[in-house]
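# Analysis of the macromolecular model
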Amino acid sequence: MRFDVLTLFPDMFPGYLGQSLLKRAIDAGLVEVCLHDIRNWTQDKHNKVDDRPYGGGPGMVMMVEPVVACVEAVRPMDDDSGHLVMLTPQGQPLDQAGVERLAQHQRIVLLCGRYEGFDERVRLVLKPEEISIGDYVLNGGEVAAMVIIDAVIRLVPGVLGDAESSQCDSFSTAPRLLEFAQYTRPREFRGLQVPEILLSGDHGVIARWRAEESRQRTQERRADLLEET
Ligand code: 6GU
């Protein structure tokens, strides 16, 4: 699976890409992440990527020419031109079903915005899928792009070991339930004991206890999930 990230801040990514599961997936050749600095596609001598909004108002708007030039240069870099995603708080909110849909693509091109957003013509010309990661405002799409990469690669075959299977994650099965409480050593911490049932070795009893825990937790914390069909 290939991701191309188009951003004004490519240096935000290597730290994240170099750690843990993602590093392993990249080293194993299962995932490739290509970073592209939108500033390299500016056409003026000052490398201008943003400008003041027509009509006035605060902040700066990302200019249409460098963004479109960058996208149109990057898409042909692979036989598969990829699925174009624009990260914007105005997009459709991402959920696990959306992540599963994205994971069907072999290549995803992630366009990160900054400042007060993109010139509207970026959207009109490129017709990207527009995605938000929630109802709050980020300083830019970079962290949202990392969220998408993080969630999608978990579904790429081979990225998770057997021990980490995504099959029993919260949200991966319908109805979407939260996970049961987990414990590891020690058996007691500041008077708090690990539930006796988990030490019983009876896998049937443990499975039923966990299923009930999941249901109760979901009821207490996210009753909205139980309403969904
Ligand atoms: Cl994708 N971008 C920005 N700037 N803010 C957000 C977002 C994206 N998703 C939620 N808030």
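Let us look at the structure shown here. (Residues numbered from 1 in each chain as written. Predicted model: local features only at pLDDT ≥ 70, side-chain atom pairs only at ≥ 80, totals over all residues. Heavy atoms only, no water.)

## With respect to the overall build of the chain
Helix and strand counts for the chain come out as eight helices and nine strands. The C-alpha atoms of the chain give 22 Å as radius of gyration, which overshoots the globular expectation for 229 residues (17 Å, by more than 25%). Surface exposure of the chain reaches about 13,900 Å², of which carbon and sulfur atoms provide 50%. Taking the average place of the 25 positive charges on the side chains of the chain and the average place of its 36 negative ones, the gap between the two points comes to 3 Å. (Helix = DSSP H or I, 4+ residues; strand = E, 2+ residues; numbered from the N terminus. Rg over C-alpha atoms; globule rule 2.2 N^0.38 Å. Areas by Shrake-Rupley, 256 points an atom, 1.4 Å probe, with all protein chains shown as cover. Lys, Arg positive; Asp, Glu negative; His and termini not counted. Charge placed at Lys NZ, Arg CZ, Asp CG, Glu CD.)

## Topic: the site of the ligand
The environment of the ligand is made up of Leu87, Thr88, Pro89, Ile131, Ser132, Ile133, Gly134, Tyr136, Leu138, Gly140 and Ala144. Isoleucine 133 places a main-chain nitrogen or oxygen 2.9 Å from a nitrogen atom of the ligand. With respect to the ligand, the backbone of tyrosine 136 contributes an N or O atom lying 2.6 Å from a nitrogen atom. About the coverage of the ligand: the protein hides 96% of its 290 Å² of free accessible area. Mapped by element, the contributors of at least two residues to the shell around the ligand are β5 (83-93) and β7 (129-132). Per element, the largest residue contribution to the shell around the ligand is three residues, and it comes from β5. For the shell around the ligand, the residue count by class is seven nonpolar, four polar and no charged. (Near = heavy atom within 4 Å. Polar contact = N/O pair within 3.5 Å; in protein donor to acceptor, adjacent residues only side chain to side chain. Nonpolar A, V, L, I, M, F, W, Y, C, P; charged D, E, K, R; others polar.)

## Section: helix α3 (residues 64-74)
Taking burial as the measure, the 11 residues of α3 include eight buried ones, the bulk of the element. Among the residues making up α3, those that are buried are Val64, Pro66, Val67, Val68, Ala69, Cys70, Val71 and Val74. Next to the buried residues of α3 lie β1 (2-7), β2 (32-37), β4 (61-62), β5, β6 (107-112) and α5 (120-126). (Buried < 20%, exposed > 50% of the residue type's maximum accessible area, 1.4 Å probe, protein only. Contact = heavy atoms within 4.5 Å.)

## Looking at the sheet that holds β6
Taken in spatial order, the five strands of this open sheet run β2-β1-β6-β5-β7, and their pairing is parallel. Pairing within the sheet leaves two strands with one partner each, and these edge strands are β2 and β7. On average, each strand axis in the sheet is tilted by 30 degrees relative to the strand beside it, whichever way the strands run. Note that β1 and β2 share six bridges and pair parallel. Of the residues in β2, the one forming a bridge with phenylalanine 3 is valine 33. (Pairing = 2+ DSSP bridges. Axes fitted to C-alpha atoms, helices over the stretch in contact; angles between N-to-C directions.)

## Examining the layout of surface pockets
Taken as a whole, the largest pocket holds about 550 Å³ of empty space. Leu87, Thr88, Pro89, Glu116 and Gly117 are the residues nearest the centre of the largest pocket, which is lined by 26 residues in total. Residue assignment for the lining of the largest pocket shows that the elements contributing at least two residues are β5, α5 and β7. No other element matches β5, which puts five residues into the lining of the largest pocket. Tallied by class, residues from the lining of the largest pocket come to 11 nonpolar, nine polar and six charged. (1 Å grid on protein atoms, 1.4 Å probe; cavity = no way out; pocket = protein on both sides within 12 Å on 5 of 7 lines; lining within 4 Å. Points joined across faces, edges and corners; volume = space filled by probe spheres on them.)

## Looking at unusual backbone geometry
The amide bond that connects arginine 185 to the next residue, proline 186, takes the cis arrangement and shows omega of 5 degrees. With respect to the helices, strands and loops of the structure, proline 186 is situated in the loop between α6 (142-153) and β8 (188-189). Of note in the backbone geometry, serine 20 takes a positive phi value of approximately 60 degrees without being a glycine. Mapped onto the elements, serine 20 comes out in helix α2 (residues 20-27). The phi dihedral of arginine 190 falls on the positive side, at around 50 degrees, and the residue is not glycine. You can see arginine 190 is positioned in the loop between β8 and β9 (192-193).

## Overview of the side chain of glutamate 213
Note on placement: glutamate 213 falls in helix α7 (residues 203-221). Comment: no salt bridge for buried glutamate 213; closest opposite-charge side chain is arginine 217, at 4.0 Å. Ignoring any residue separated from it by four or fewer positions in sequence, one finds glutamate 213 in contact with Phe180 and Ala181. (Salt bridge = Lys/Arg side-chain N within 4 Å of Asp/Glu carboxyl O.)

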